[in-house]
Amino acid sequence: MKKTNFSKLKVGVAPIVLGVALISAPAVAQDVQADEEAAPGEAIIVTGSRIASPQAESNAPIQIVNSEAIQQSGVTNIQEILLKNPAFGTPALSRTNSAFLTSGTGVATIDLRDLGSNRTLVLVNGRRVVSSLSGSSTVDLNVIPTQFIERVDVLTGGASSLYGSDAVAGVVNFVYKKDFQGLEGNAQYGVTERGDDIRYQANLTMGANFDDGRGNIMVHLGYSNERGLLSRQRSNTFTDDSDTSALTGDLADYGIPTEPFYSSFSEQGRFFAGDYSFTYLGTGVGPNGFNRQYYRTLAVPVKRYTFAAVGHYDVTDNISMFFEGTYNKTQSSRIIEPFALSSDGTTGIYPASGVMPIENYIIAPDGTTTIAVNPIVVGFEGTLGERFNWDLSYNYGQVTENQVSNGQVNVTNFRNALAAMTDVNDVNGNGLTTDVVCVSAEARANGCVPINIFGKGAITQDAIQYIAAQQSLQTDIKQQVVQGNISGSLFELPGGPLGVALGFEYRKEESLEDNDALTNQGLNAGNKLPDTSGQFDVLEAYAEVKLPILRDKPFFQLLEVGGAFRVADYSTVGTIYSYSAQGTWEPFDGLRFRGTWARAVRAPNIGELYSGLSQTFPSGLQDPCVGIGATGGGALGDNCRADAGVAANIAANGTFTLTQPDIQGISGFNGGNPNLKEEKADSWTLGAVINPRSVNALRNLTLSVDYYNIKINNIIATVGRGTILDQCYNEGNSPLC
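Residues numbered from 1 in each chain as written. Predicted model: local features only at pLDDT ≥ 70, side-chain atom pairs only at ≥ 80, totals over all residues. Heavy atoms only, no water.

Peer 1: Sorry if this is basic, but what is going on with the side chain of Asp391 here?
Peer 2: Assignment of secondary structure puts Asp391 in strand β21 (residues 388-409). Comment: no salt bridge for buried Asp391; closest opposite-charge side chain is Arg127, at 5.2 Å. (Helix = DSSP H or I, 4+ residues; strand = E, 2+ residues; numbered from the N terminus. Buried < 20%, exposed > 50% of the residue type's maximum accessible area, 1.4 Å probe, protein only. Lys, Arg positive; Asp, Glu negative; His and termini not counted. Salt bridge = Lys/Arg side-chain N within 4 Å of Asp/Glu carboxyl O.)

This is the structure:
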């Protein structure tokens, strides 16, 4: 991606930086001190601990992306820079993988260690962020104003004892700037080397102190537009193909494309008479099938508007009021290929005589999605004496999603339109005529228009309007959080002050997903999707302790242990517990060993508990019966032939063979389970940090190595269809058949 900054203005404390950087090197927690050094007598909090300390150090392995790296990268969405870090796996949602989804198009998520986005807890300034996907805890990074970010802390490993449910894989904490003064504006235009996927953005950030420095407010206005990329814009994705292994079932063929691999559903229609099929060619139409890839989207267009403001005011010398507010509106759209519809041979079709099943592509589905996010935080923070810091806050977040999709068909209307006849019986009272009308008098009274599906372009605009069905989806998500924390030191130990932190949190989550009536019934030729609503609340309390045992002793420059415990009472799963223990040993200056063990939990979300049966169309399945013949194959062959459909396929083809319509038409249903209990995860992290500060030439060099091990028990997941097929046919597990 080529990026050109054609306008950049910065006034005030922000330095001018030119250039492009991919990502800052992973930094250990001590590096925070360079950017956020505590003033004398001031204590700060580092991700991985809630204990305020004058030293910005953490026993946990934290990787940091700082504001300079973010600024130099020129990214439109913070997701782009995070994904360059191998700690992040493949995101569940991004611009490049959400075109085929029934909701969430254009959403940007993160997934630590590829353990699932629901197992990565996203925080802003140590507080939760409202989800952007109904029924889940997944946060859309579009809501994070990139220009507000001071740094991003990435913590691997279970952190539920400190931050609550969902921190199974780890925590990503977006820390905002404070006390920003000045004016910073930038505009950017970007285009790939191939001249596509154009994107541009403009941002304005302002900050100022007031009342003799007792208060500060920072405001941000941002606009970005990523115009998207269609498959047909690239030569390597212009033509539909298939991985050969999906056709042969042989893993040796993996990665070898079979091209072209057009859909056998042709635009002009295909019909059957007995054992024969015919493709209606017509003038200028070839027999090669339909190139679905021509209509697909590689990267969905995303347009984003952001307004954000943060501020604080010192009410007294010991009490400060703060607030954070964001309004984000994201619009995205996508187009996929027209889908094929087929009759089952029970409907008469004109102008042919008799009954013939027919298949035809109808309308190219497309849709637009608008997601509005409104999180706001208000609270107070302060000090108690010289040893303790406290904060109390209320966090409210609301997300609304409105999605409109076109290109679906009203199956009932389509059936009526197919059932057509010549008006020889004078049903209109106008004498004998050769007009074609719908057979059903009720359908005619409701505006039924006969449809001719023989030949490309044969369907009239009136017929399209009669059968077309607009699909709609509205979601409403709300989150409310009240939390309080107090931390500080009790008394001195040989290694320093004994640190403690105590706190509570009350959280309520609500989610509603409302589909149109045709979608609920599966009558628009798309996925059959239910409406889902639900809520839960949870009351939590935690305690953390840090014990510095020794400091500045031979072979014990530092020896420190600590731990945390959290109890949470859910309205859904009852009372659950999480806890952790950690230790740090620094035998001499410049070498530090650290380790953490944690029990993390994840309570089921609203979708996992309450969603109805949702229809899905999975891809990439390997059918174990492919290639099985009339005899042989051992137990697998016997299990396959015991299925009547498989046996009929073998009889017709010699061996069990899948066509592209077979592969493309796989469907099934997933749903929630109100009896779910929480996931439990045990994680280990062991590491070492080398920072030879005593050697001047190497004092800025930091080397770290960390081992992590995360094991999740009682995992909440659907049983994959690949697993079902394998268990049924390879293992003979009849309940799964």
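Once you've had a look at it, read on.
Peer 1: Where do I start with the packing of aromatic side chains in this structure?
Peer 2: Think of a pair of aromatic rings as described by two things: how far the centres are apart, and how the planes are tilted against each other in angle. Scanning the model with the defined rule gives eleven aromatic pairs in all. Centre to centre, the rings of Phe556 and Trp585 are 6.2 Å apart; their planes meet at 45 degrees, and the pair counts as tilted. Residue Phe556 is found in strand β27 (residues 556-570), and its partner Trp585 is found in strand β28 (residues 574-588); the two are separated by 29 residues along the sequence. Classification of Trp585 as partly exposed rests on a relative accessible area of 36%. (Phe/Tyr/Trp six-rings, centres within 6.5 Å; stacked < 30°, edge-to-face > 60°.)

Peer 1: Help me out: how do you make sense of the state of the cysteines in this one?
Peer 2: Think of a disulfide as a covalent bridge from one cysteine sulfur atom to another cysteine sulfur atom. Going through the model one piece at a time under the given rule, you end up with three disulfides. One disulfide bridge connects Cys438 with Cys448, the sulfur atoms lying 2.0 Å from each other. Given an S-S torsion of about -80 degrees, the disulfide between Cys438 and Cys448 has left-handed geometry. With Cys438 in strand β23 (residues 436-438) and Cys448 in the loop between α7 (441-445) and α8 (461-467), this residue pair connects regions lying ten residues apart in the sequence. Pair check on accessibility: Cys438 and Cys448 agree, each one buried. Between the sulfur of Cys728 and that of Cys737 lies a disulfide, 1.9 Å long from S to S. (Disulfide = S-S within 2.5 Å.)

Peer 1: How do you make sense of the pattern of salt bridges when you look at a structure like this?
Peer 2: Think of it this way: side chains of opposite charge can pair up when their charged atoms draw near. One pass over the full model with this rule turns up 25 salt bridges. One salt bridge connects Arg592 with Glu586, and the closest N-O pair in it is separated by 3.0 Å. Taken as a pair, Arg592 and Glu586 share a single burial class, namely buried. Among the charged side chains, a network of salt bridges with common partners joins Arg128, Asp166, Glu505, Arg507, Glu509, Glu540 and Arg566.

Peer 1: In this structure, what is going on with the packing of helix α11 (residues 634-641) against helix α14 (residues 721-730)? I would like to understand it.
Peer 2: Angle between the axes and distance between the axes are the two parameters that describe a pair of packed helices. Running from N to C, α11 and α14 cross one another at 105 degrees; their axes reach a closest spacing of 8 Å. Taken together, the axis directions place α11 and α14 in an arrangement best described as roughly perpendicular. For the pair α11 and α14, the contacting residues are Ala635, Leu636, Asn639 and Cys640 in the first and Cys728, Tyr729 and Asn730 in the second. Of the residues that constitute the contact of α11 with α14, the class distribution is five nonpolar, two polar and no charged. (Axes fitted to C-alpha atoms, helices over the stretch in contact; angles between N-to-C directions. Parallel < 35°, antiparallel > 145°, perpendicular 65-115°, else oblique. Contact = heavy atoms within 4.5 Å. Nonpolar A, V, L, I, M, F, W, Y, C, P; charged D, E, K, R; others polar.)

Interpretation in functional terms is not warranted from these geometric data alone.
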